[in-house]
Amino acid sequence: MHKYFLFFLLYPIVFFAQDSKTTLRVNTKVYNQIALSVLEGDIYDIKTLGKDPYLFFNPLEEDLDKKNNHLVFEYFCPTGLDFLEIHFYPQNNDLKPKIIRDIGSTEGWVTFSIDLSEALKTWGKKGDYLRLDLGPAPALSIQLKHLALRQQTKRELEIAKNKALKKKQEVILERNLVTYLDKDFPNQISNVLVTDEIVRLEGKVSDDKNLHLAEVGVYEDATELKDFSFLEVIEPKDKTFNITLDRFKTQHGYKQDRLLSKWIIVEKKEDKYKVASHARYADSIVPKYNYPFKKPSTKKGLGGYSINREAPYTDLDSLGITSATVNIWISKFFRSNPSPEDMPFEYMGDTYYVNKKQIKNLDNTFLSTSERNIEVSAILLVDKASKTPDKKIGHILEHPDCDPSGIYSMPNLTTPKGVQYYSAILDFLANRYSRPDKKFGRIHHWIIHNEVDAGWVWTNAGEKTALVFMDIYHKSMRMSHNIARKYNPNSKVFITLTHFWDWTSNPHFYHSTELLEFLLKFSKTEGDFEWAIAYHPYPESLREPKTWLDKKVSFSFDSQLITFKNIEVLDAWVKQPKVFFKGKTKRLVYLSENGTNSPTYSEQDLKEQAAGMAYAMKKIKYLDGIDGFQYHNWQDNRNEGGLRIGLRRFPDDKDNPGGIKPVWKVYQAFGTEMEDKVYDQYKTMIGINSWDEIRYKGPINETRNQN
């Protein structure tokens, strides 16, 4: 519809000035080449219909306060936009449109912010308005909410002020990390054993000239240190050494657990110390408990489970679930001070606090799974400080470089205090949910944050290169691994990744392959540990359930995406000897968040959703490199940008609230005698005569050469 010439005659002014910001409303009558609807919560649901889609905001009610110089909104757009253009009306030849390139994809609600200070010199009078152009591509879906013109926040100002210095420091860190990881040192720490009381280190050296064993805290960067807080002279015998140290020490006002430290050999030259080996984390940890590892009996799991959700938890039985993921928002229940609503716990001689009610909710969830012998992987999430109920905890745990655009933060592992608090809450969880008696339930594994290749959205640590980001994330993985292994020798930590494999639609994102290769390199140089992979092989478009139509896929290790269509690539990648744990054992792979969408609840859309899942399950059934599949989402969620990806309908659906969808029956039938009867009805929709046709049995190539 192209009818904006009626704009001033038809529509009242609905900009609102409040709380030092000017709230914006989209004009719901005047727009071009889009389908526009307003959902509950003032969410604008937009679908582009041509190559020139745009919309208008309604005009200013009064002259704009020039301090409100940032246009901001939250958006949800799994495909991303090629560009965004902001046009200023009434049109002025001296005021050019503001063009923003590469509005990256996001599968969660992300904040967009842009400084319009220059334009406000000649724009912003009463009656002025904006036009927003949404790129050149038709058939895109985007949702917008919380649109406003507001002042730059203190946090945004701080990031902008420190950006140049931070970049300079990270260029140096990147260069030093590359040199460190690539260097072949003549000295080596070969094994680190941690028992209840001591740390024992073994290694070999090329000579005994002024060599020292140095300790590196989690909050320190070994490549950047000039001084070391702990040094022990190495006195080798036949060029080997064996050093035993106390496990605990007091430093920076805390009793610290050397379980978390890494160790490095340095050479003293005059009054300076030079790195003379790769660092080494703990190889072996004597655990508190030692019960056997039990692999789930099937691959069928459920993602985002909680006993408090509106779907009936008896689905665990009805669907035959053997594994589940549970989200744990650390910052939401951690407290900085005692109160009647909180319970204390001890860590390293200090007392910390957690909210009783929220811990009870976790207990009930984990008891419901442990009663059924369901294996649980906990997803550890750190909220931004602005979203935490206890702001003191929020500021302690939020990474100092976290950009407000992100949904969650990387934990703050840059200070002794941040590390101590993060360690305390991890230890509380591992201790409580590892007991052999399952008094509070059981957590078996730990998924470290969420979709870290899309870290800008889900694990934000600011603008970082892939290597610098992985250096930070690797520390969080090691901490979680070592604390979990303190209680359960079979616990594994998972790196969590989207379906973007060797390509991304967002300039802030990383390639999954790149992060995995860096993780392999850290493991090789600093001691391998039994990390695993939590992959999310959604269809190419989260809105399109017909995954067999995916285009950005190939059966090669440099495929742009790994979706259900080419999931064989992930199966082959993890079976490479270079990927094996210590070169011997295949790493665990869970498809820990994935499902297919029903764009609407029409009969056709529901059948296509079910067909997409039948296709996926028939693929993974025969891939022994894939160990588990946790379906997301259990129930359609209003906060997922218009997606209907659940096994059940929205709980508030007017026709059938929380009702079972056909995909529920597909998932239930998997691995049972009903599988073929339920699945075969979808072969015609997929365009096959036999399920064997969808399985790829050829070689996985090094380079992309086929679809």
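We now turn to the structure provided with this report. These numbers were taken from a predicted model, which means no experiment stands behind them. Each chain has its residues counted from 1, running along the sequence as written. Two thresholds apply to this predicted model, a pLDDT of at least 70 for residue-level local features and 80 or more for giving and counting side-chain atom pairs, whereas whole-chain, interface and lining totals are computed over all residues. No hydrogens and no water enter the side-chain calculation; it runs on all heavy atoms of the structure.

1. Remarks on the environment of alanine 424
Logical step 1: A run of DSSP states H or I qualifies as a helix once it reaches four residues; a run of E qualifies as a strand once it reaches two. Both are numbered from the N-terminal end. Here alanine 424 is to be found in helix α7 (residues 416-432).
Logical step 2: Given the relative accessible area of 0%, alanine 424 is considered buried.
Logical step 3: For the pair alanine 424 and tyrosine 347, spaced 77 residues apart in sequence, the C-alpha to C-alpha distance is 5.7 Å.
Logical step 4: In this structure alanine 424 touches Phe345, Tyr347 and Tyr352, once residues within four positions along its chain are discounted. Type-normalised accessible area, obtained with a 1.4 Å probe on protein chains alone, sets the label of each residue: buried when under 20%, exposed when over 50%, and partly exposed for intermediate values. Whether two residues are in contact is decided by their heavy atoms: any pair within 4.5 Å suffices.

2. Some remarks on the environment of threonine 459
Logical step 1: Within the element layout of this structure, threonine 459 appears in the loop between α8 (455-458) and α9 (466-485).
Logical step 2: The exposure class of threonine 459 is buried, given its relative accessible area of 0%.
Logical step 3: In the structure, threonine 459 is positioned 51 residues away from tyrosine 408 in sequence and 5.2 Å away in space, judged by C-alpha atoms.
Logical step 4: Setting aside chain neighbours within four positions, we find threonine 459 in contact with Tyr408, Ser409, Met410, His449, Asn450, Val452, Ala454 and Phe469.
Logical step 5: What qualifies as a polar contact is a pair of N or O atoms within 3.5 Å, subject to a donor-acceptor requirement within protein and to the restriction that residues adjacent in sequence count only when both atoms come from side chains. In terms of polar contacts, threonine 459 uses its side chain to reach the backbone carbonyl oxygen of asparagine 450, at 3.0 Å.

3. Remarks on the packing of helix α2 (residues 154-182) against helix α10 (residues 512-526)
Logical step 1: Here the axes come from fitting lines to C-alpha atoms, over the contacting stretch only for helices, and the angles between their N-to-C directions go from 0 to 180 degrees. Their axes nearest at 10 Å, the elements α2 and α10 cross at an angle of 55°. Here α2 is positioned oblique relative to α10, judged by the angle of their axes. Crossing of α2 over α10 shows left-handed handedness. Contact residues: α2 offers Tyr180, Leu181 and Asp182, while α10 offers Lys521, Phe522, Thr525 and Glu526. Geometric relationships in this document are graded by angle, where less than 35 degrees denotes roughly parallel, more than 145 denotes roughly antiparallel, 65 to 115 denotes roughly perpendicular, and other angles denote oblique. Crossings are assigned a handedness: left-handed for a near helix turned anticlockwise from the far helix by less than a right angle, right-handed for a clockwise turn.

4. Details of the side chain of serine 476
Logical step 1: If you trace the backbone, serine 476 turns up in helix α9.
Logical step 2: Only 3.1 Å separates the side chain of serine 476 from the side chain of tyrosine 422, close enough to count as a polar contact.

5. Remarks on the pattern of salt bridges
Logical step 1: By definition, a salt bridge exists where a carboxyl oxygen of Asp or Glu is found within 4 Å of a side-chain nitrogen of Lys or Arg. Evaluation of the coordinates by the stated rule reveals 47 salt bridges.
Logical step 2: Among the salt bridges present, the one from aspartate 383 reaches lysine 332, with a minimum N-O distance of 2.9 Å. Linking aspartate 383 in the loop between β28 (375-381) and α6 (391-397) with lysine 332 in helix α4 (residues 330-333), this pair joins segments that are 51 residues apart in sequence.
Logical step 3: According to the relative accessible area criterion, aspartate 383 is buried, its value standing at 3%.
Logical step 4: A salt bridge links arginine 587 to aspartate 528, with the nearest nitrogen and oxygen atoms 2.9 Å apart. Placement of the pair is arginine 587 in the loop between α11 (568-574) and β32 (589-594) and aspartate 528 in the loop between α10 and β31 (532-535), with a sequence separation of 59 residues.
Logical step 5: On the accessibility criterion, aspartate 528 (16% relative accessible area) is buried.
Logical step 6: Salt bridges sharing partners connect three or more residues here, namely Lys166, Glu170, Asp401 and Lys464.

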